[in-house]
Amino acid sequence: MDARSRLKVLIAEKCVLKGEFVLASGQRSKVFFDCKRVTLDPEGLHLIAGLILETIDDLARRDGRPIDAIGGPTIGADPVVGHVAGRSWERAHGPPGSGAPAGAGAPSGAPAGAPAGAPAGPPVPAQRPLRAFLIRKETKDHGTQRIVENEIPRGARVVIFEDVVTTGGSTLEAIRKAQEVGLEIACVIAIVDREQGGAESLARYRYYPLFKKSEFGL
């Protein structure tokens, strides 16, 4: 079973709740995706981070420009952006004690293990660590008084992560705050899209949900 299929199983088993719920958008629903049950699960978190890194790699390859950081609204984004950053560092520098990047030895533009003489395809950007950041709902009233946690340089290309998207309103607010501190939005990635207007709201930012509500038969 591949990573996406396994993650779908975990979401179906752990995250799909039925009852009466009020969503962040204010809408009422008989189905609720509690995706923190996978983002705080060791296997689920590992699978999500791997799928996000694949999406980021593909985007960087197609754009010919690297992604610098990943962040999103606290608290839903907290475990995911931290783990993505950690995995990005490990694969760029190699496992502890290895002394070499995890992808060292693969020919430029060809995946590791590709047969000799296979077409190289587009050049693969060098894998490098991604920074993580968090976006607060409100500016801190003490300490650094930040709305965006971590020092991300102005002009950095970033991915905005959201666990579940309904109408896209909270994601758009996070995007607005990121842009106010000078960040360029490369794309938006979500775990689940509830198919209630979010895709249309976020389309101009290139929106990539890992799953849609309908894929779970709901």
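Let us look at the structure shown here. (Residues numbered from 1 in each chain as written. Predicted model: local features only at pLDDT ≥ 70, side-chain atom pairs only at ≥ 80, totals over all residues. Heavy atoms only, no water.)

1. Brief notes about the environment of Arg-65
(1) Moving on: With respect to the helices, strands and loops of the structure, Arg-65 is situated in the loop between helix 3 (42–63) and strand 3 (69–73).
(2) Moving on: With relative accessibility at 38%, the residue Arg-65 sits in the partly exposed group.
(3) Moving on: In sequence terms Arg-65 and Ala-186 are 121 residues apart; their C-alpha atoms lie 9.8 Å from each other.
(4) Moving on: Beyond its immediate stretch of four places on either side in the chain, Arg-65 contacts Ala-60, Arg-157 and Glu-184.
(5) Moving on: A distance of 3.2 Å separates polar atoms of two side chains, one belonging to Arg-65 and the other to Glu-184. (Helix = DSSP H or I, 4+ residues; strand = E, 2+ residues; numbered from the N terminus. Buried < 20%, exposed > 50% of the residue type's maximum accessible area, 1.4 Å probe, protein only. Contact = heavy atoms within 4.5 Å. Polar contact = N/O pair within 3.5 Å; in protein donor to acceptor, adjacent residues only side chain to side chain.)

2. A look at the pairing of strand 6 (residues 157–165)
(1) Moving on: Burial analysis of strand 6 places nine of its nine residues in the buried class, which makes it a mostly covered element.
(2) Moving on: Pairing geometry for strand 3 and strand 6, over three bridges, is parallel. Its bridge partner lying in strand 6, Ile-70 is registered against Val-159.
(3) Moving on: Bridging between strand 6 and strand 7 (residues 184–193) involves eight bridges; their strand directions are parallel. For Ile-160, the partnering residue across the bridge sits in strand 7 and is Val-188.
(4) Moving on: Assessed by its sense of winding, the connection that carries the chain from strand 6 through helix 5 (residues 169–180) to strand 7 is right-handed. (Pairing = 2+ DSSP bridges. Right-handed = clockwise from strand over helix to strand, strands pointing away.)

3. Looking at the packing of aromatic side chains
(1) Moving on: For the structure shown, the criterion picks out three aromatic pairs.
(2) Moving on: Where Phe-21 meets Phe-32, the ring centres are 5.3 Å apart and the plane angle is 25°; that geometry is what we call stacked. Here Phe-32 lies in strand 2 (residues 28–33) and Phe-21 lies in strand 1 (residues 16–22), a separation of eleven residues in the sequence.
(3) Moving on: The exposure class assigned to Phe-21 is partly exposed, which follows from its relative accessible area of 21%.
(4) Moving on: Taken together, the ring pairs in this structure connect Phe-33, Phe-211 and Phe-216 into an aromatic cluster. (Phe/Tyr/Trp six-rings, centres within 6.5 Å; stacked < 30°, edge-to-face > 60°.)

4. Structural notes on helix 3
(1) Moving on: The end-to-end C-alpha distance of helix 3, which contains 22 residues, comes to 32 Å, matching closely the 32 Å that a straight helix rising 1.5 Å per residue would cover.
(2) Moving on: Taken as a whole, helix 3 has its buried residues at Gly-44, Leu-45, Leu-47, Ile-48, Ala-49, Gly-50, Leu-51, Ile-52, Leu-53, Ile-56, Leu-59 and Ala-60.
(3) Moving on: One side-chain oxygen at the N-terminal end of helix 3 lies 3.1 Å from the backbone nitrogen of Glu-43; it belongs to Asp-41. (Expected span 1.5 Å × (residues − 1).)

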